[in-house]
Number of protein chains: 2
Amino acid sequence: MAEVRRTIDLLWFPDGEPEGKRRGRRPGLTVARVVETGIALADAEGLEAVSMRRVAQELGVVPMTLYTYVPDKSALLDLMLDRLYLEMPRAGHPDRPWRERLAAVAGENRRLYTAHPWAATLPASRPPLGPGLMAKYEHELRAFDDCGLDDVTRDAALTFLIGFVQAAARSEADVRAAEARAGSTDFEWWQERGPVFELVFDQHRYPTATRVGAAAGSAMGAAYEPGHAYEFGLARVLDGLAALIGTAGSR
Amino acid sequence: MAEVRRTIDLLWFPDGEPEGKRRGRRPGLTVARVVETGIALADAEGLEAVSMRRVAQELGVVPMTLYTYVPDKSALLDLMLDRLYLEMPRAGHPDRPWRERLAAVAGENRRLYTAHPWAATLPASRPPLGPGLMAKYEHELRAFDDCGLDDVTRDAALTFLIGFVQAAARSEADVRAAEARAGSTDFEWWQERGPVFELVFDQHRYPTATRVGAAAGSAMGAAYEPGHAYEFGLARVLDGLAALIGTAGSR
DNA sequence: GGCGTATTGTGTACGACGTACAAGTAACAG
DNA sequence: CTGTTACTTGTACGTCGTACACAATACGCC
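Counting restarts for each chain, with residues numbered from 1 along the sequence as it is written. A letter from A marks each chain and a number from 1 marks each ligand, given out in the order of writing. For a predicted model such as this one, the threshold for reporting local features is a pLDDT of at least 70, and the threshold for listing and counting side-chain atom pairs is 80 or more; totals across whole chains, interfaces and linings nevertheless cover every residue. Where side-chain values are given, they derive from all heavy atoms of the structure, hydrogens and water being excluded.

**Observations regarding the side chain of Glu 108 of chain B**
Residue and element names in this part refer to chain B.
Thinking step 1. Along the chain, Glu 108 falls in helix H5 (residues 98–115).
Thinking step 2. When accessible area is computed with a 1.4 Å probe and restricted to protein chains, residues below 20% of their type maximum are described as buried, those above 50% as exposed, and intermediate ones as partly exposed. Charge counting treats Lys and Arg as positive and Asp and Glu as negative, with His and both chain ends excluded. We define a salt bridge as a contact between a side-chain nitrogen of Lys or Arg and a carboxyl oxygen of Asp or Glu at a distance within 4 Å. Among buried Asp, Glu, Lys and Arg side chains, Glu 108 stands out as unpaired, with Arg 111 the closest opposite charge at 5.3 Å.
Thinking step 3. Looking at Glu 108, its side chain comes within polar contact range of the main-chain nitrogen of Ala 91, at 3.1 Å.
Thinking step 4. Two residues form a contact once any of their heavy atoms are found within 4.5 Å. Sequence-distant contacts of Glu 108, defined by excluding residues within four places in its chain, comprise Met 88, Pro 89, Arg 90, Ala 91 and His 139. Only DSSP runs of H or I reaching four residues or more are called helices, and only runs of E reaching two or more are called strands; each is numbered from the N terminus. Throughout this description, a polar contact denotes any pair of N or O atoms lying within 3.5 Å of each other; where both atoms belong to protein, one of them has to be capable of donating a hydrogen while the other can accept it, and for residues adjacent in sequence the pair is counted only when both atoms sit in side chains.

Here's what the structure looks like:
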């Protein structure tokens, strides 16, 4: 609880008290510097590389020093994510059809996850209300202007859209992680499994799965194209929202 | 890599070599027992409770014993998840409209996550091909019978549907985790924040966000209803798929 | 200027985790 | 009975997050 309060304060007042009002030792670092280092590490080596020890090492201090800047590791992760949200490019919503506006919002989020894949794999991904998240939320809600949705529905629709993009990014991260762990698991790999192959690819037991999986199921050796799942899903999302917004609400 | 092979073998041949073919010391446990214990622990206390030490303790052995049954912890988690998939109730697909069939599939998955919330929060959620996953995949693909979709699209549509349910479950788990960490962060809580409150709820800076958030945004103090987001989203998903399947493909 | 207080920084250590490796124990085959 | 196989345990390592006590620095006040 106290850590959450501290995190909120750090999000909105990262520099703490004004310079002239302070006593005591001058800090050698800033919260922003700690956060940027965390982000740089995550971008370069993935989220697992972001340990307090490692971040401290990059900054040339001992790990416990970081605790004078952030209350705990989860706060650091929250701050890192909010920073991404604050800095992600956001186009305005010119006078375009709603469908284009929503696709643009989805694209902005997708580019964030493409640039920072770790952001899709944070352990608990419900971020606190920081300046980044607020700006993002405001911007994205605006894409629904003039769609004829009431506030509750607008929020739910945005949640649905963003939830999809996040889930797609996380799924892609999972595929990459599984491949890193297992290497290629193509059809030849499965054939080398011997007896287990006969069980998995049993056309009598799994007729549809073996047929469809061979054509499309990446887990079964077919080529995996992350972009396809995203594009297909986004079209579904937009079609699903279209049924809600209808033609009367569109402009 | 070797661990992945071993995991696959364990999934399909959990008892290993037949009894009569074996030499050496008799095992005191079974893989199934280890997996069941992991599941029981996760169900009772959440995924963080599932450490090798804790599972071993529950089984009355030392942690290293478990490594004679599973190659590593991630394999244990994979086995646990596949077991859930194998055991989840699956209704047949009687002669019902496709929309009902898909909603039923979504419901089966949702009930799995409701019964086992930890399943939505596994660190890397791309499970290997086990008997549970294959049975699940076969069953769920069948819900798309006679929808007029080619194999690649059928797979993508199922991925989209299941991806949504998973994402919703994960989101709900995140909300619960955040609340457990922070306690209630309702509007009164925010008002107690003092100066930061003015920044967050700045109607000049975030006009749409403050208005919509107050009505619907759970992160801003409004009541959160997990079921609503799921129902809303599922309707969007089904509407989005309807645009694909159309009336010609439905039966 | 000195003392009290506030704030940052470090040294040391703890508990927890996953798991390597060596040695011990039990069971089968010849 | 011996060699081999397979399970079990003891011990330990490296890594992690972070508690706590002490040290170092800087300001305010008398």
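**Let's talk about the pattern of salt bridges**
Thinking step 1. With the rule as written, the count across this model stands at 26 salt bridges over all chains.
Thinking step 2. A salt bridge links Lys 136 of chain A to Glu 140 of chain A, with the shortest nitrogen-to-oxygen separation between them at 3.3 Å. Linking Lys 136 of chain A with Glu 140 of chain A, this pair stays in helix H6 (residues 131–142), spanning four residues, or about one helical turn.
Thinking step 3. Of the charged contacts, one joins Arg 211 of chain A and Asp 151 of chain B as a salt bridge, the two residues approaching to 2.9 Å between their closest N and O atoms. On the criterion of chain membership, the pair formed by Arg 211 of chain A in helix H10 (residues 207–216) and Asp 151 of chain B in helix H7 (residues 151–182) is interchain, its members lying in two chains.
Thinking step 4. In the salt-bridge network here, residues are joined through shared partners; they are Glu 36, Arg 83 and Glu 87 of chain A.

**Focus on the protein's contact with DNA strand C**
Thinking step 1. One heavy atom suffices: a residue is near a molecule or strand as soon as one of its heavy atoms comes within 4 Å of it. Residues in contact with DNA strand C amount to 27 residues; listed here are only the nearest, Gly 28, Thr 65 and Tyr 69 of chain A together with Arg 53 and Tyr 67 of chain B.
Thinking step 2. Restricting the count to atoms of DNA strand C within 4 Å of the protein gives a sugar and phosphate share of 59%.
Thinking step 3. Between Arg 23 of chain A and DNA strand C, the recorded distance is 2.9 Å, taken from a side-chain N or O atom to a base nitrogen.
Thinking step 4. At 2.9 Å from a phosphate oxygen of DNA strand C is found a main-chain nitrogen or oxygen belonging to Met 52 of chain B.
Thinking step 5. By residue class, the composition of the surface near DNA strand C is ten nonpolar, six polar and eleven charged. Amino acid classes used here: Ala, Val, Leu, Ile, Met, Phe, Trp, Tyr, Cys and Pro are nonpolar; Asp, Glu, Lys and Arg are charged; the rest, including Gly, are polar.

**As for the packing of aromatic side chains**
Residues and elements named next belong to chain A.
Thinking step 1. Pairing of aromatic rings covers Phe, Tyr and Trp, the last counted by its six-membered ring, and requires centre-to-centre distances within 6.5 Å; plane angles under 30 degrees mean stacked, over 60 mean edge-to-face, and any other angle means tilted. All told, the structure shown has eight aromatic pairs over all chains when counted by the stated rule.
Thinking step 2. Ring plane angle 20° and centroid distance 5.9 Å describe the contact between Phe 164 and Tyr 230, whose orientation is recorded as stacked. Placement of the pair is Phe 164 in helix H7 (residues 151–182) and Tyr 230 in helix H11 (residues 226–245), with a sequence separation of 66 residues. Across the pair, Tyr 230 and Phe 164 agree in class, each one buried.

**A closer look at the domain arrangement of chain A**
All names here are of chain A.
Thinking step 1. Each domain of chain A was delimited in the assignment, giving domain 1 (2–84) and domain 2 (89–185 + 221–245).
Thinking step 2. Just the C-alpha atoms count here: the centres of domain 1 and domain 2 sit 27 Å apart.
Thinking step 3. Listed as interface residues are 14 residues of domain 1 and, on the opposing side, 16 residues of domain 2.
Thinking step 4. Computed with a 1.4 Å rolling probe, the buried area is the accessible surface lost when two parts are put together, summed over both parts. Surface buried jointly by domain 1 and domain 2 totals about 1,300 Å² across both partners, of which 75% is contributed by carbon and sulfur atoms.
Thinking step 5. At the boundary of domain 1 and domain 2, one finds zero salt bridges.
Thinking step 6. Inspection of the domain 1/domain 2 interface yields five residue pairs in polar contact (both at pLDDT 80 or more).
Thinking step 7. Elements represented by at least two residues in the side of domain 1 that touches domain 2 include exactly helix H1 (2–12), helix H2 (31–45) and helix H4 (73–87). What marks off one domain from the next here is an automatic or database domain assignment.

**A few points about the relation of the copies chain A and chain B**
Thinking step 1. Note on the copies: chain A fits chain B at an RMSD of 0.0 Å, the axial shift is 0.0 Å, and the rotation between them is 180°. In short, the pair behaves as if placed about a two-fold rotation axis. For chain A, the minimum C-alpha distance to the rotation axis belongs to Gly 240 of chain A and amounts to 1.8 Å.
Thinking step 2. Residue by residue, 100% of the interface of chain A is reproduced at the interface of chain B, so both copies engage with the same surface. When the copies are superposed, the least-squares fit takes in the C-alpha atoms of residues with a pLDDT of at least 70 in both.

**Description of the protein's contact with DNA strand D**
Thinking step 1. Residues in contact with DNA strand D amount to 26 residues; listed here are only the nearest, Arg 53 and Lys 73 of chain A together with Gly 28, Thr 68 and Tyr 69 of chain B.
Thinking step 2. Within 4 Å of the protein, atoms of DNA strand D come from sugar and phosphate in 59% of cases.
Thinking step 3. Here Lys 73 of chain A contributes a side-chain N or O atom positioned 2.7 Å from a phosphate oxygen of DNA strand D.
Thinking step 4. Tyr 69 of chain B is positioned such that a nitrogen or oxygen atom in its side chain is 2.7 Å from a phosphate oxygen of DNA strand D.

**A short note on the interface of chain A and chain B**
Thinking step 1. Taken together, the 71 residues of chain A in the interface contact 71 residues of chain B.
Thinking step 2. Interface area, chain A with chain B, both sides summed: about 6,500 Å², of which 67% is carbon and sulfur.
Thinking step 3. Put simply, chain A and chain B have four salt bridges between them.
Thinking step 4. Taken together, the connections running from chain A to chain B amount to 16 residue pairs in polar contact (both at pLDDT 80 or more).
Thinking step 5. Taken together, the elements giving at least two residues each to the side of chain A that touches chain B come down to H1, H4, H6, H7, helix H8 (187–191), helix H9 (195–200), H10 and H11 of chain A.
Thinking step 6. No other element matches the 17 residues that H7 of chain A contributes to the side of chain A that touches chain B.

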